[in-house]
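# Structural overview
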Amino acid sequence: MKIHLETKRLIIRELRETDLEGMFALDSNTEVHKYLGNNPIKTKVEAEKEIQFIREQYKERGIGRFAVIEKETGEFIGWSGFKLNKGKKETLNGFESFIDIGYRLIPKHWKKGFGLESAIACLDFGFKTLNYDIIYGAAAIENLGSNKILKKIGLQFVNQFEHENIHVNWYQLKKENYEK
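Residues numbered from 1 in each chain as written. Predicted model: local features only at pLDDT ≥ 70, side-chain atom pairs only at ≥ 80, totals over all residues. Heavy atoms only, no water.

A separate point is the packing of aromatic side chains. For the structure on display, the rule yields 12 aromatic pairs. Both rings, one in phenylalanine 98 and one in tryptophan 170, keep their centres 5.3 Å apart while their planes meet at 75 degrees; by these two values the pair is edge-to-face. Placement of phenylalanine 98 in strand β5 (residues 97–105) and of tryptophan 170 in strand β8 (residues 166–174) is noted, with a sequence separation of 72 residues between them. The buried category is assigned to phenylalanine 98, whose relative accessible area is 3%. With relative accessibility at 0%, the residue tryptophan 170 sits in the buried group. Between the aromatic rings of tyrosine 136 and tryptophan 170, the centroid separation amounts to 5.2 Å while the plane-to-plane angle is 25 degrees, which identifies the pairing as stacked. Taken together, the residues tyrosine 136 in strand β6 (residues 134–140) and tryptophan 170 in strand β8 connect sequence positions 34 residues apart. Side by side, tyrosine 136 and tryptophan 170 carry an identical accessibility label, which is buried. Taken together, Phe95, Phe98, Tyr136, Phe161 and Trp170 form an aromatic cluster joined through their ring pairs. (Phe/Tyr/Trp six-rings, centres within 6.5 Å; stacked < 30°, edge-to-face > 60°. Helix = DSSP H or I, 4+ residues; strand = E, 2+ residues; numbered from the N terminus. Buried < 20%, exposed > 50% of the residue type's maximum accessible area, 1.4 Å probe, protein only.)

In structure tokens form, the structure reads like this:
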């Protein structure tokens, strides 16, 4: 999958094997995993497997999470983008097949607007280029930052549910209600 989106401060592109150090820094961080079940990875081999898993999604599902690179430094700061959830193993809030928008940044890049900036670019790409009819988002109720971003990009709260002992807010946005 070839993807290249640009914002004022970010480059958003496909995840590559060369992003290994950044993925390890991201997914081994306990702060990052605070609202994700508290299960950070422990080895670079696990980070490599995660990159391969996402790259397989590009091939098999035509979409996946994208690397987020800070233009000024060229540094991998996290990922943003979509996941096509399919089948019973990936059921969430009763949905078995849906497009989910998400983002995950290394903590030193939090509170700088990068999550919002990348989510806006990805949402626009999802509706205008990929022609999705509806995009969903989920965030642990306690994860105030993620909930704030989902609301700011226009997703509407639908309900709350429990997933793996975590209370989660569920959001959606239909293409017909997208205003960009």
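Back to the text.
Regarding helix α4 (residues 144–152), the residues found buried are Ser146, Asn147, Ile149 and Leu150. Along α4, the residues classed as buried sweep out an arc of 160 degrees about the axis, all on the same side. Within α4, the exposed residues directed more than 90 degrees away from the buried face are Leu144, Lys148, Lys151 and Lys152. Those residues of α4 that are buried lie in contact with β5, α3 (114–128), β6 and β8. (Arc of directions from axis to C-beta. Contact = heavy atoms within 4.5 Å.)

Scanning the entire structure with this criterion turns up 13 salt bridges. Across the pair lysine 108 and glutamate 75 runs a salt bridge, and its minimum N-O distance is 3.1 Å. With lysine 108 in the loop between β5 and α3 and glutamate 75 in the loop between β3 (65–70) and β4 (76–86), the pair connects residues that are 33 residues apart, well separated along the chain. With a relative accessible area of 53%, lysine 108 lands in the exposed category. Given the relative accessible area of 26%, glutamate 75 is considered partly exposed. (Salt bridge = Lys/Arg side-chain N within 4 Å of Asp/Glu carboxyl O.)

Remember that the coordinates give geometry; whether it matters functionally is a separate question.
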